[in-house]
Amino acid sequence: DAGVIQSPRHEVTEMGQEVTLRCKPISGHDYLFWYRQTMMRGLELLIYFNNNVPIDDSGMPEDRFSAKMPNASFSTLKIQPSEPRDSAVYFCASSLGTGVFSTAFFGQGTRLTVV
Amino acid sequence: AQSVTQPDIHITVSEGASLELRCNYSYGATPYLFWYVQSPGQGLQLLLKYFSGDTLVQGIKGFEAEFKRSQSSFNLRKPSVHWSDAAEYFCAVGAYNTDKLIFGTGTRLQVFP
């Protein structure tokens, strides 16, 4: 398996534009996590899915952020409209089985810069 | 609420020297503890995890960690550091009744030849 695949690897956009980050989890994994990493706040869990259903989105910073998982092999994280403070590295991770007991495999991340 | 503290933001060691990265957690019950490593430009990779049993846990790449309940700590150690160990290291805590991991802010390790 190629691992968790995220696209794009880098994204530069202007403030106010819509940004969509994509993730393909490892085949067969039933949990998918979206994290955001910044210097100030470290690694924060934004939202996670189990069997394509959002379980906990309490980490989503505000209504500008939304995430979907239309099927077991694809998820998106959308920011609309984007703001400079959204600049961060966004990671997607997947695991098989209960999240805490299972090893989470991370993608390489998407570095988002909003100017 | 669960929390993780990594007191050292940046550590520099010489190649071949021993290493200890500190991690303190806050959680009312038995925690589930993890160490992840992030190489430059890469995602996080699991080094080791502790759920129960032997408090000294062996991981990949020659790393080990010791759970000390009395000190609420889960420090990561390696007897002899290699230049390829230069990376950022994250400690994380999870709880039995949740699928979420709470990560520390990370410790950046620099290795000098």
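Before reading further, recall that the structure is shown in the block above.
As the structure is a computational prediction, the values presented were derived from the model and not from experiment.

Trainee: What should I look at first to understand the overall build of chain A in this one?
Mentor: Scanning chain A from terminus to terminus reveals zero helices and eleven strands. When the elements of chain A are put in sequence order from the N terminus, they spell out β-β-β-β-β-β-β-β-β-β-β. The C-alpha atoms of chain A give a radius of gyration of 13 Å, which matches the 13 Å a tight globule of 115 residues would have. The principal-axis extent of the C-alpha atoms belonging to chain A is close to 40 × 30 × 25 Å. Classification of the 115 residues of chain A by burial places 50% in the buried group. In chain A, 54% of the contacts between residues at least 6 apart in sequence involve partners at least 24 apart.

Trainee: Even after reading the chapter, I still don't get the environment of A:Ser102, so can you show me in this structure?
Mentor: By the secondary structure assignment, A:Ser102 is in the loop between strand 9 (88-95) and strand 10 (105-106). Residues A:Ser102 and A:Ile79, spaced 23 residues apart in sequence, show a C-alpha to C-alpha distance of 29 Å. The contact partners of A:Ser102, leaving out residues within four places of it in the chain, are A:Ser95, A:Leu96, A:Gly97 and B:Lys49.

Trainee: When you look at the state of the cysteines in this model, what are you seeing that I'm missing?
Mentor: Chemically, a disulfide is nothing more than a covalent bond linking the sulfur atoms of two cysteines. Residue and element names in this part refer to chain A. With the rule as written, the count across this model stands at two disulfides over all chains. Two residues share a disulfide in this structure: Cys 23 and Cys 92, whose sulfurs sit 1.9 Å from each other. Where Cys 23 bonds to Cys 92 through sulfur, the torsion about that S-S bond is close to -65°, and the disulfide is left-handed. Pair noted here: Cys 23 is in strand 3 (residues 19-24) and Cys 92 is in strand 9, with a separation of 69 residues, a long-range link.

Trainee: Can you help me understand the pairing of strand 6 (residues 44-50) of chain B in this one?
Mentor: Consecutive side chains of a regular strand alternate in pointing toward one face of the sheet and then the other. Residues and elements named next belong to chain B. Burial within strand 6 is extensive, with five of its seven residues counted as buried. Note: strand 5 (residues 32-38) against strand 6, six bridges, orientation antiparallel. Bridging across to strand 6, Tyr 36 finds its partner in Leu 46. Counting the residues in the hairpin turn of strand 5 and strand 6 gives five residues, including Gly 41, whose phi is positive at 75°.

Trainee: Would you explain the interface of chain B and chain A in this entry?
Mentor: Interface size is commonly expressed as the accessible area that is lost once the parts come together. Contact with chain B, which involves 20 residues of that partner, is made by 21 residues of chain A. Summed over the shared surface of chain B and chain A, the number is zero salt bridges. At the boundary of chain B and chain A, one finds five residue pairs in polar contact (both at pLDDT 80 or more). Where the side of chain B that touches chain A is concerned, the elements lending two or more residues are strand 5, strand 6, strand 10 (87-94) and strand 11 (101-103) of chain B. Sorting elements by how many residues they give to the side of chain B that touches chain A places strand 5 of chain B first, with four residues. In the side of chain B that touches chain A, the residues fall into eleven nonpolar, six polar and three charged.

Trainee: Would you explain unusual backbone geometry in this entry?
Mentor: Glycine aside, residues mostly have negative phi angles, and peptide bonds mostly take the trans form. All names here are of chain A. Residue Pro 8 follows Ser 7 across a cis peptide bond; omega there is -10°. Summarising the element assignment, Pro 8 is placed in the loop between strand 1 (5-7) and strand 2 (10-13). Put simply, Gln 80 and Pro 81 share a cis peptide bond, and its omega is -5°. Mapped onto the secondary structure, Pro 81 falls in the loop between strand 8 (74-79) and strand 9.

Trainee: Help me understand the pairing of strand 5 of chain B in this model?
Mentor: All names here are of chain B. Summarising burial for strand 5: seven of the seven residues are buried, a large majority. Pairing between strand 5 and strand 10: seven bridges, direction antiparallel. Paired with Trp 35 across the bridge in strand 10 is Cys 91.

Trainee: Please explain the sheet that holds strand 7 (residues 65-71) of chain A as it appears in this structure.
Mentor: Each strand in a sheet pairs with another by means of backbone hydrogen bonds, the pair being arranged parallel or else antiparallel. All names here are of chain A. If you trace the four strands from one edge of the open sheet to the other, you get 1-3-8-7, paired in antiparallel fashion. The open sheet has two edge strands with one neighbour each: strand 1 and strand 7. Direction aside, the axes of adjacent strands within the sheet are offset by 15° on average.

Trainee: What is the right way to read the packing of aromatic side chains from this model?
Mentor: How two aromatic rings sit relative to each other is given by the distance of their centres and the angle of their planes. All names here are of chain A. The final tally for this structure, using the stated rule, is 17 aromatic pairs over all chains. Where Tyr 31 meets Phe 33, the ring centres are 6.1 Å apart and the plane angle is 15°; that geometry is what we call stacked. Phe 33 gets classed as buried once you look at its relative accessible area, which sits at 3%.

Rules and cut-offs
Residues numbered from 1 in each chain as written. Chains lettered and ligands numbered in written order. Predicted model: local features only at pLDDT ≥ 70, side-chain atom pairs only at ≥ 80, totals over all residues. Heavy atoms only, no water. Helix = DSSP H or I, 4+ residues; strand = E, 2+ residues; numbered from the N terminus. Rg over C-alpha atoms; globule rule 2.2 N^0.38 Å. Buried < 20%, exposed > 50% of the residue type's maximum accessible area, 1.4 Å probe, protein only. Contact = heavy atoms within 4.5 Å. Disulfide = S-S within 2.5 Å. Pairing = 2+ DSSP bridges. Salt bridge = Lys/Arg side-chain N within 4 Å of Asp/Glu carboxyl O. Polar contact = N/O pair within 3.5 Å; in protein donor to acceptor, adjacent residues only side chain to side chain. Nonpolar A, V, L, I, M, F, W, Y, C, P; charged D, E, K, R; others polar. Axes fitted to C-alpha atoms, helices over the stretch in contact; angles between N-to-C directions. Phe/Tyr/Trp six-rings, centres within 6.5 Å; stacked < 30°, edge-to-face > 60°.

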